[in-house]
Amino acid sequence: MFAPFDSVEFYETVDLLTCNPPYISTAKVGDMDQEISEHEPSLAFDGGSFGIKILHRLIKEAPMYMKKGGWLAFEVGLGQGNTLIKRMRKKYSYSQVVPVTDDNGDIRVILACAES
């Protein structure tokens, strides 16, 4: 995911990192509406067996590239937000983790600030 930037010149230099990662479980990718799935490769949607494989990598690896006080913003699938937020607050180096909800009150984006 970050391989092109894995260099000292990029470490702790990013103010804002955004990502629209794949977050659909492998089993559900084949069931997607063709209107969506026929225009993109399956890897654009496939987030692993539970849909969170890429999300976990993003959460774990992003702080290495972010400035202290820099922000990470990424989309999540329905039902994934609360678990990811709890994990980020407990296990990773973020001083703030903020959910952003849609009109139905579902968490669809997570904002996280790197510890300063």
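A short tour of the structure in this document, coming up. Quantities reported herein were computed from a predicted structural model and do not represent experimental measurements. Sequence order as written defines the numbering, with residues in each chain counted from 1. Two thresholds apply to this predicted model, a pLDDT of at least 70 for residue-level local features and 80 or more for giving and counting side-chain atom pairs, whereas whole-chain, interface and lining totals are computed over all residues. Excluding hydrogens and water, the side-chain figures rest on all heavy atoms present in the structure.

1. A look at the packing of aromatic side chains
For the record, the criterion: Centres within 6.5 Å are what make two rings of Phe, Tyr or Trp a pair, Trp counting through its six-membered ring; a difference in plane orientation under 30 degrees is then read as stacked, over 60 as edge-to-face, and the rest as tilted. In this description a helix means any DSSP run of H or I spanning at least four residues, a strand means any run of E spanning at least two, and both kinds are numbered starting from the N terminus.
The final tally for this structure, using the stated rule, is three aromatic pairs. Seen from their ring centres, Phe-5 and Phe-10 are 5.3 Å apart, and the 85° between their planes marks the pair as edge-to-face. Seen in terms of ring centroids, Tyr-11 and Tyr-65 are 5.6 Å apart; in terms of plane orientation they differ by 65°. Their pairing is edge-to-face. With Tyr-11 in the segment before strand 1 (14-19) and Tyr-65 in the loop between helix 3 (53-61) and strand 2 (66-75), this pair connects stretches of sequence that are 54 residues apart. Three or more aromatic residues joined by ring pairs make a cluster, and in this case those are Phe-2, Tyr-11 and Tyr-65.

2. Here's the deal with the sheet that holds strand 1
Filter applied, for reference: Pairing between strands requires that DSSP locate at least two bridges from one strand to the other. Whenever a helix is involved, its axis is fitted only over the stretch in contact; in every case the axis is a line through C-alpha atoms, and angles between N-to-C directions fall within 0 to 180 degrees. Contacts: residue pairs with any heavy atoms within 4.5 Å of one another.
The four strands lie next to each other as 1-2-4-3, forming an open sheet whose pairing is mixed. One side of each edge strand has no neighbouring strand; the edge strands of this open sheet are strand 1 and strand 3 (94-101). Between one strand axis and the next, the sheet turns through 15° on average, direction left out of account. The pairing of strand 1 with strand 2 spans five bridges and is classified as parallel. Following the sheet pairing, Leu-17 is matched in strand 2 by Leu-72. Across the sheet, helix 3 is in contact with strand 1, strand 2 and strand 3; its angle to strand 2 comes to roughly 165°. The sheet strands contacting helix 4 (residues 81-91) are strand 2, strand 3 and strand 4 (107-114), and the helix crosses strand 4 at an angle near 10°.

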